[in-house]
Amino acid sequence: MSDTHPLQPLRDKIDAVDQQLITLLSERLKLVRLVGEIKSEHGLPIYAPDREAAMLAKRRQEAEQVNVSGQLIEDVLRRVMRESYSNEHENGFKAVNPKAGPIVVIGGNGQLGGLFVRMFRLSGYEVRILEEQDWERADQLLDGASVVVVSVPIHVTESVIRQLNHLPADCILTDLTSIKATPLQVMLEVHPGPVVGLHPMFGPDVTSFAKQVVVYSEGRGQEQYQWLLDQIQIWGSHLYAAPAAEHDHAMSLIQALRHFTSFAYGVHLAQEAPDLELLLDLSSPIYRLELAMVGRLFAQSPELYADIIMAQSDNLKMIRRYYHRFGQMLEMLERHDSEAFIEEFRRVSDWFGDYAEQFLQESRNLLAQAHDQRHYAAKK
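Definitions and cut-offs
- Residues numbered from 1 in each chain as written.
- Predicted model: local features only at pLDDT ≥ 70, side-chain atom pairs only at ≥ 80, totals over all residues.
- Heavy atoms only, no water.
- Salt bridge = Lys/Arg side-chain N within 4 Å of Asp/Glu carboxyl O.
- Helix = DSSP H or I, 4+ residues; strand = E, 2+ residues; numbered from the N terminus.
- Axes fitted to C-alpha atoms, helices over the stretch in contact; angles between N-to-C directions.
- Parallel < 35°, antiparallel > 145°, perpendicular 65-115°, else oblique.
- Left-handed = near helix turned anticlockwise from the far one by under 90°.
- Contact = heavy atoms within 4.5 Å.
- Nonpolar A, V, L, I, M, F, W, Y, C, P; charged D, E, K, R; others polar.
- Pairing = 2+ DSSP bridges.
- Phe/Tyr/Trp six-rings, centres within 6.5 Å; stacked < 30°, edge-to-face > 60°.
- Buried < 20%, exposed > 50% of the residue type's maximum accessible area, 1.4 Å probe, protein only.
- Core = buried A, V, L, I, M, F, W, Y, C linked by side-chain atoms within 4.5 Å.
- Expected span 1.5 Å × (residues − 1).

Visitor: When you look at the pattern of salt bridges in this model, what are you seeing that I'm missing?
Guide: A side chain of one charge can pair with a side chain of the opposite charge if their charged atoms are brought near each other. Under the counting rule described, the total for this entry stands at 16 salt bridges. Of the charged contacts in the structure, one is a salt bridge between arginine 78 and glutamate 52, with a shortest N-O distance of 3.2 Å. Here arginine 78 is found in helix H3 (residues 70–88), whereas its partner glutamate 52 is found in helix H2 (residues 49–65), with 26 residues between them in sequence. A salt bridge links aspartate 314 to lysine 317; the shortest N-O distance between them is 3.8 Å.

Written as structure tokens, this is what we have:
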């Protein structure tokens with residue numbers, strides 16, 4: 001009697017196909033590096049949304065013609081493209097303004113500031129870093145600067161900017177802070193030259209700027225700072241213009257309230273002290289994702305999140321309104337008022353409108369990916 005597993009011949013064939021896939025992926029990444037060289041030479045953005053959309057649509061159609069799920073091939077290609085975007089910047093980027101003087105990043109040894117230092121250097125610019133201990137020679141470091149980027153904690157941003165009152169007249173002054181109104185106003189007060197507020201809507205752990213959103217709030221002299229925006233776009237970012245006040249209100253919801261609710265839930269979990277291993281074993285994909293997002297918060301800097309949540313008084317007002325509404329919903333549960341619950345549910349569903357269905361589809365894809373990464377140990 002043969003000891004060979006009855007599935008072994010088919011498994012061998014699958015392994016052979018997998019090896020072919022690895023070879024093809026390697027060849028694709030080599031081609032991507034060549035594409036990156038050409039983009040760098042000609043100053044083309046690494047992310048071309050029209051090309052990506054057209055390519056994905058064509059691949060979906062081709063896949064479905066051979067009875068392969070279009071969603072499957074899109075999922076695979078999106079993951080491959082993410083890797084491709086990370087590899088494309090190995091060749092650097094074309095400098096939009098090669099005649100620009102030094103770029104000074106205040107806080108350039110920090111995580112986010114360091115990311116911008118790296119991107120500017122990949123684009124061929126001379127970059128200087130100014131840290132707290134360097135202020136005695138700040139005049140020397142700032143001499144001839146074409147751009148000064150302020151990347152420091154929110155609570156010291158204003159005081160740092162106020163020290164920058166002798167910059168070159170044509171120097172671009174900008175910041176990377178997650179609030180915009182106050183920093184922008186202070187920059188306009190201390191510097192008569194071009195000013196723009198920036199907010200990268202991503203953390204410093206990204207491997208590529210491709211598809212990442214960078215918000216900019218107009219200050220003064222857009223014709224002078226436009227090249228800086230063009231440079232960020234070449235890195236692959238999507239630029240989004242937003243007035244400072246509108247930006248800050250949105251951040252009260254997107255950042256302050258979201259981070260605070262994660263913080264509060266984490267505090268609640270720690271005080272309830274459940275078995276985390278059991279929660280993970282019993283969790284649905286959506287709860288696992290929610291738990292991951294809460295845990296992600298507590299894997300990072302508490303000073304950073306305290307800074308973000310407490311950055312502006314409007315954040316506290318927003319959180320208080322949320323607290324009040326949470327209390328109202330709790331009272332509804334205490335009354336066992338299912339009719340009020342259903343009525344409120346439908347009211348909110350109507351407010352979301354077509355976005356509710358869109359978010360349902362998007363979340364299904366995310367949950368499928370989270371489920372794919374789940375691993376169960378083999379039973380003994």
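Visitor: When you look at the packing of helix H9 (residues 244–272) against helix H12 (residues 302–309) in this model, what are you seeing that I'm missing?
Guide: Geometrically, a packed helix pair is captured by the angle between its two axes and the distance between the axes. Two elements in contact, H9 and H12, have axes separated by 9 Å at closest approach and are oriented at 125°. What the angle tells us is that H9 and H12 run oblique. The chirality of how H9 crosses H12 is left-handed. Counting all contacts with H9, which are made through Gln255, Ala256, His259 and Phe260, the residues of H12 involved are Tyr305, Ile308 and Ile309. Tallied by class, the residues present in the contact of H9 with H12 amount to five nonpolar, two polar and no charged.

Visitor: Would you explain the sheet that holds strand S5 (residues 195–200) in this entry?
Guide: Across a sheet, strands are paired by hydrogen bonds formed along the backbone, either parallel or antiparallel in direction. The strand order across the open sheet built from seven strands is S2-S1-S3-S4-S5-S6-S7, with neighbouring strands paired in mixed fashion. Each edge of the open sheet is held by one strand with a lone partner, namely strand S2 (127–130) and strand S7 (238–241). Strand-to-strand twist across the sheet, computed as the mean angle between neighbouring axes with direction ignored, equals 25°. Strand direction decides the pairing type here: strand S3 (residues 147–150) and strand S4 (residues 172–175), joined by four bridges, are parallel. By the bridge assignment, valine 150 is partnered in S4 with aspartate 175. The sheet contacts of helix H7 (residues 181–190) involve S4, S5 and strand S6 (213–220), and relative to S5 the element is tilted by about 155°.

Visitor: I'm lost on the packing of aromatic side chains in this one. Help?
Guide: Aromatic ring pairs are described here by two measures, namely the spacing of the ring centres and the angle between the planes. Summed over all chains, the structure comprises 15 aromatic pairs. Taking 6.2 Å as the distance between ring centres and 35° as the angle between the ring planes, the aromatic pair formed by phenylalanine 341 and phenylalanine 345 counts as tilted. Of this pair, phenylalanine 341 and phenylalanine 345 are both found in helix H14 (residues 338–352), four residues apart, which corresponds to roughly one turn of the helix. A relative accessible area of 40% places phenylalanine 341 in the partly exposed class. A relative accessible area of 54% means that phenylalanine 345 is categorised as exposed. Taken together, the aromatic side chains of Phe116, Phe120, Tyr125, Phe202, Phe209, Trp227 and Trp235 make up a single cluster linked through ring pairs.

Visitor: Whenever I open this one, the nonpolar core confuses me. Can you help?
Guide: Inside soluble globular proteins, nonpolar side chains tend to come together where they are buried. Among the nonpolar cores identified, the biggest contains 38 residues, and Phe120, Leu198 and Trp235 are the most heavily contacted of them. For this core, the secondary structure elements donating two or more residues are H2, H3, strand S1 (103–106), helix H4 (111–122), S3, S5, S6 and helix H8 (222–234). Looking at which element gives the most residues to this core, the answer is H8, with six residues. Core analysis: the next-biggest nonpolar cluster, separate from the first, contains 22 residues, Val104, Ile106, Leu130 and Leu173 among them.

Visitor: In this structure, what is going on with H14? I would like to understand it.
Guide: Along an α-helix, residues three or four positions apart point the same way, because every turn accommodates 3.6 residues. Helix length check: H14, at 15 residues, gives a terminal C-alpha distance of 21 Å against a target of 21 Å (1.5 Å per residue), a fit within 8%. Backbone geometry just after H14 places glycine 353 at a positive phi near 60°.

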